[in-house]
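# Working through the structure, step by step
So you can see what is in the structure, the chains are spelled out below.
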There are 2 protein chains.
Amino acid sequence: MSRPPRERADAVAAVAEIFREFGFEGASLSAITARTGLGKGSLYHFFPGGKEEMAAAVLAEIDGWFTRTVFAPLRDDPDPEAAIARMLRETDAYFRSGRRICLVGAFALDGTRDRFAARIGGYFTAWRRALADAVARSGRGEAMERAEHAVLAIQGALVLARSLDDPGVFARMLARIERDLLSPETHDRPN
Amino acid sequence: MSRPPRERADAVAAVAEIFREFGFEGASLSAITARTGLGKGSLYHFFPGGKEEMAAAVLAEIDGWFTRTVFAPLRDDPDPEAAIARMLRETDAYFRSGRRICLVGAFALDGTRDRFAARIGGYFTAWRRALADAVARSGRGEAMERAEHAVLAIQGALVLARSLDDPGVFARMLARIERDLLSPETHDRPN
DNA sequence: CTCTGTCTGTACCGATTGGTACAAAGCCCG
DNA sequence: CGGGCTTTGTACCAATCGGTACAGACAGAG
């Protein structure tokens, strides 16, 4: 056992990794107690609502982290291009270049979505909107379309990188969306 | 040996939808018996290996369908642009414009991946390669990069469409990758 | 018809599930 | 020290898990 967490925040972080590995249904209480080093007593003391409350806490923590370090700069930084560069950098670090999964996206794909629909929807709505704002503030057109595609590409790259067991997928995707986000001309070419 | 049990194919299709809805761990035997109408006896007659064999059969069926109706034309159709158009059309239909999930992608995101790593990797490898082949045959550059991004964008759009409960995400993504796949120039060279 | 092998419903299995009860243990403050 | 809170381990629970055993229903072939 690695380290027995003494605080709820540590427990949240540990539980998050278990959900990442096994999914919501697959994360059994016994796996959680084993990996966190916490007994059921402590676990249900921190999270009286059981697994559901654990997952809610994890999602809230993820949402908070992204809001603080990615979404807010995207909206508020006077230099929108710097904020976009920061997003790319932080995203690469957070997802370990595609070796780590997006728990929000993973939850969205199975029945777990219905339990946390609001949080999941809110997370992606915030990301898309914040990024679109930065793109628009940088004076480029098609801000919403570009932002949506960038957010979606990140999620897809996580799926594909893990499927192919190739982090290069994630790196290539980041380079591409940076280009697409910052390219001056609009993409639409009718005919 | 005797006749290929036609009922089994129906069972595979029904089981696939249950996996889509609940994930591998979340799909309980009781849910499967309830939704398929098959008792445990029939189920274990068709799939002596239990859930694992059911999932393997489902993945094989999906892989076969895509190989037949998408990958093969991409590689063999003398008109590669028509094959790409067909891929886009079939993909939209298969995933119900983003209302249906890619089971292969969903399995890739949690611990289920390890059980079926070969199948999952093979599926995406085949898709990427077939699409890259069509792009290259159509005389365009950066075939592998464009193909990889298109495949990844489809997966990401499924995640995002479901998260936001907005099929429009999928439609917009299809339009964008069609443009990117067929645009004559590389992106950093505006004409 | 009977025979034969393919199907299928049901009862049952041990193990594990998420969750509760509760008492002992630690801890802080007086 | 002692009392009162928070924290924890353990025993326990009904329900469900995936899976097995098996007897009978069912067909097709003779």
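The sections below set out a description of the structure shown in this document. (Residues numbered from 1 in each chain as written. Chains lettered and ligands numbered in written order. Predicted model: local features only at pLDDT ≥ 70, side-chain atom pairs only at ≥ 80, totals over all residues. Heavy atoms only, no water.)

### Brief notes about the pattern of salt bridges
All names here are of chain B. We apply this condition: Salt bridge criterion: a side-chain nitrogen from Lys or Arg within 4 Å of a carboxyl oxygen from Asp or Glu. Counting from the N terminus, the helices are the DSSP runs of H or I reaching at least four residues and the strands are the DSSP runs of E reaching at least two. Relative accessibility under 20% of the residue-type maximum defines a buried residue, over 50% an exposed one, and the middle range a partly exposed one, all with a 1.4 Å probe and only protein chains included.
Inspection of the entire model under this criterion finds 26 salt bridges over all chains. With a shortest N-O distance of 4.0 Å, Arg8 and Glu53 are connected by a salt bridge. With a gap of 45 residues between them, Arg8 in helix H1 (residues 6-26) and Glu53 in helix H4 (residues 51-76) connect regions that are remote in the sequence. When the shortest N-O distance is used, the salt bridge between Glu81 and Arg140 registers 3.1 Å. Here Arg140 lies in the loop between helix H8 (117-137) and helix H9 (143-164) and Glu81 lies in helix H5 (residues 80-94), a separation of 59 residues in the sequence. Overall, the relative accessible area of 37% leaves Glu81 in the partly exposed class.

### Structural notes on the side chain of Arg113(B)
Put simply, the test is: In this description, contact between two residues means that some pair of their heavy atoms is separated by no more than 4.5 Å.
Counting through the fold element by element, Arg113(B) comes out in helix H7 (residues 112-115). Judged by relative accessible area, which is 17%, Arg113(B) ranks as buried. Ignoring anything within four residues of it in the chain, the contact list for Arg113(B) reads Arg162(A), Asp165(A), Phe107(B), Ala108(B) and Ile120(B).

### So, the interface of chain B and chain A
Put simply, the test is: The term buried area refers to how much accessible surface (probe radius 1.4 Å) is lost by two components on association, counted for both of them together. The term polar contact refers here to a pair of N or O atoms within 3.5 Å; inside protein, the definition further demands a hydrogen-donor-capable atom paired with an acceptor-capable atom, and it admits residues adjacent in sequence only when both atoms are side-chain atoms.
Taken together, the contacts link 46 residues of chain B with 46 residues of chain A. Roughly 4,000 Å² is buried in total at the junction of chain B and chain A, and carbon and sulfur atoms are behind 61% of that figure. Counting across the chain B and chain A interface gives 2 salt bridges. The partner of Glu148(B) in a salt bridge is Arg172(A), with the nearest N and O atoms 2.8 Å apart. Seen at the junction of chain B and chain A, the total is 11 residue pairs in polar contact (both at pLDDT 80 or more).

That's the geometry; what it means functionally is another story.
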